[in-house]
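The chain contents come next:
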Amino acid sequence: MSAATAATALSLSSTFVSHEGFNGRLKYICVAPWKNKERQVRRAGIAVITAKFDLKPPPYPFNALEPDMSERTFEFHWGKHHRAYVDNLNKQVAGTELEEKPLEDVVRITYNKGDPLPAFNNAAQAWNHEFFWESMKPGGGGMPSGELLARIEKDFGSFDNFANEFKTAAATQFDKSETLDVGNAVNPKASDDDKKLAVIKTPNAVNPLVWNDYPLLTIDVWEHAYYLDYQNRRPDFISVFMEKLVNWDAVNARYEAAKTAAAQKQEELSKSVIIGTVEC
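To start, this report covers the structure provided alongside it. (Residues numbered from 1 in each chain as written. Predicted model: local features only at pLDDT ≥ 70, side-chain atom pairs only at ≥ 80, totals over all residues. Heavy atoms only, no water.)

Bringing unusual backbone geometry into the picture now. Of note, the amide linkage connecting E66 to P67 takes the cis form, showing an omega dihedral of 5°. Mapped onto the elements of the fold, P67 is located in the loop between strand 3 (46–53) and helix 1 (71–93). Even without a glycine there, the phi angle at N212 is positive, about 60°. Counting through the fold element by element, N212 comes out in the loop between strand 4 (197–201) and strand 5 (214–219). At Q231, a residue that is not glycine, the phi angle is positive and equals roughly 50°. (Helix = DSSP H or I, 4+ residues; strand = E, 2+ residues; numbered from the N terminus.)

A separate point is the packing of aromatic side chains. In this structure the tally under the stated criterion is 16 aromatic pairs. For the pair F62 and F74, a centre-to-centre distance of 5.7 Å together with 5° between the ring planes defines the contact as stacked. Pair noted here: F62 is in the loop between strand 3 and helix 1 and F74 is in helix 1, with a separation of 12 residues, a long-range link. With 5.9 Å between their ring centres and 50° between their planes, F162 and F166 make a pair best called tilted. Of this pair, F162 and F166 both sit in helix 5 (residues 159–171), separated by 4 residues, roughly a single helical turn. For F166, a relative accessible area of 0% puts it in the buried group. Members of the aromatic cluster, joined through ring pairs, are Y60, F62, F74, W78, F132, W133, F156, F159, F162, F166, F241 and W248. Above the face of the F131 ring, R254 is positioned so that its terminal group lies 3.7 Å from the ring centre. (Phe/Tyr/Trp six-rings, centres within 6.5 Å; stacked < 30°, edge-to-face > 60°. Buried < 20%, exposed > 50% of the residue type's maximum accessible area, 1.4 Å probe, protein only. Lys NZ or Arg CZ within 6 Å of the ring centre and 35° of its normal.)

Another point: the environment of I219. Note that I219 resides in strand 5. Owing to a relative accessible area of 0%, I219 belongs among the buried residues under this scheme. Each C-alpha atom, one on I219 and one on F132, is 6.4 Å from the other, the two residues being 87 residues apart in sequence.

Between its first and last C-alpha, helix 1 extends 31 Å over 23 residues, near the 33 Å set by a 1.5 Å rise per residue. At R83, helix 1 shows its strongest bend, of approximately 30°. For helix 1, every residue scored as buried is listed here: T73, F74, H77, W78, H81, H82, Y85, V86, L89, N90 and V93. Just downstream of helix 1, G95 is the residue with a positive phi angle, here 80°. (Expected span 1.5 Å × (residues − 1). Bend = angle between axes of the 7 residues up to and from the residue.)

Our focus in this paragraph is the nonpolar core. Side chains that are nonpolar tend, in soluble globular proteins, to be buried together. With 62 residues, the main nonpolar core has M136, F162, I219, F241 and W248 as its most contacted residues. The element contributing the most residues to this core is helix 3 (residues 120–134), with 8 residues. Discounting residues that sit within four places of it in the chain, F241 has contacts with F132, M136, F166, L217, T218, I219 and V246. (Core = buried A, V, L, I, M, F, W, Y, C linked by side-chain atoms within 4.5 Å. Contact = heavy atoms within 4.5 Å.)

Below is the structure:
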C-alpha cells in the first residue's frame, strides 16, 4: 500500500508516515521537536539575541557512520546545506511573529495551504535535515521489532514489501530540476487510509507535517547526501541506508509518540462534541 503520488523530489525524499488520527485531521504534535532557543551573547553586559533557531548537530560524531556515510559528506551536508537553511531562516523570520514559534509550527504556517510563503523552504528544510540525522545511527539498519514491526507487516503485507516500496520511492524520486511546483502539491493520502502507515513522495521541501500527519522515517536522496561516497550509485546508497543506517529505535519512539498524540486529540475531540451537545 502506498500513498505516493507525484513523481517529484524532496530534499528528504521518501518519507515513512503514520496517518493515526480522527479522519486524518489532528493537530500535529511534533515527535522530534526542534528546540527553539534564543542564543544570547553578552557584550559589555548586554544580552544580544543572535539567533532564534540553532543549527543542531547530528546526535553522533561526524565520523560515526563511516564507512557507510563519510565524515567528509557530513561536513559538507550538515556544515554547508543544513547550516544555510538555518541561517537563511533566521534572517527571514527576524522581527516577525514566526521567530517566537517552534520550527514545526513555522513549517505548517508558512506552507500556507499549498501557497508557500517565503520562509517555507528554509523552515521545512531545516526541520527535514534534523529529522534525517536522527533517522540514522551507528550500527543501525536491519528490522524493527514489536508492535511497530507488526504494524508494518499489517499495512504493507510484510517488512520486505515495505522495504522494497521505500527503496523504489527513493530511487525514482526526480532531481529538483524536474519537480512540480510546490504550489501544485496535493495531499497524497487516500481518505480510507487515514490510520495506515504509508510511503509518500512530496515536492521540494514539503513534508507530512503540512497535512497533520506523523513522519516516522526519511531518507535524503539529493546528490549532496551521497555523491562523495557513492557517486551516481543512488540505489547502493539507499540499500546501505536501509540495511546499515536506519535508527529503528527513533522510528519506534516516533510511532509511539504519534499514537499517544492521536489518542489525546481523539479524547479532546470527543469531549468537545459532548460539551457542544450539552450546551445546545
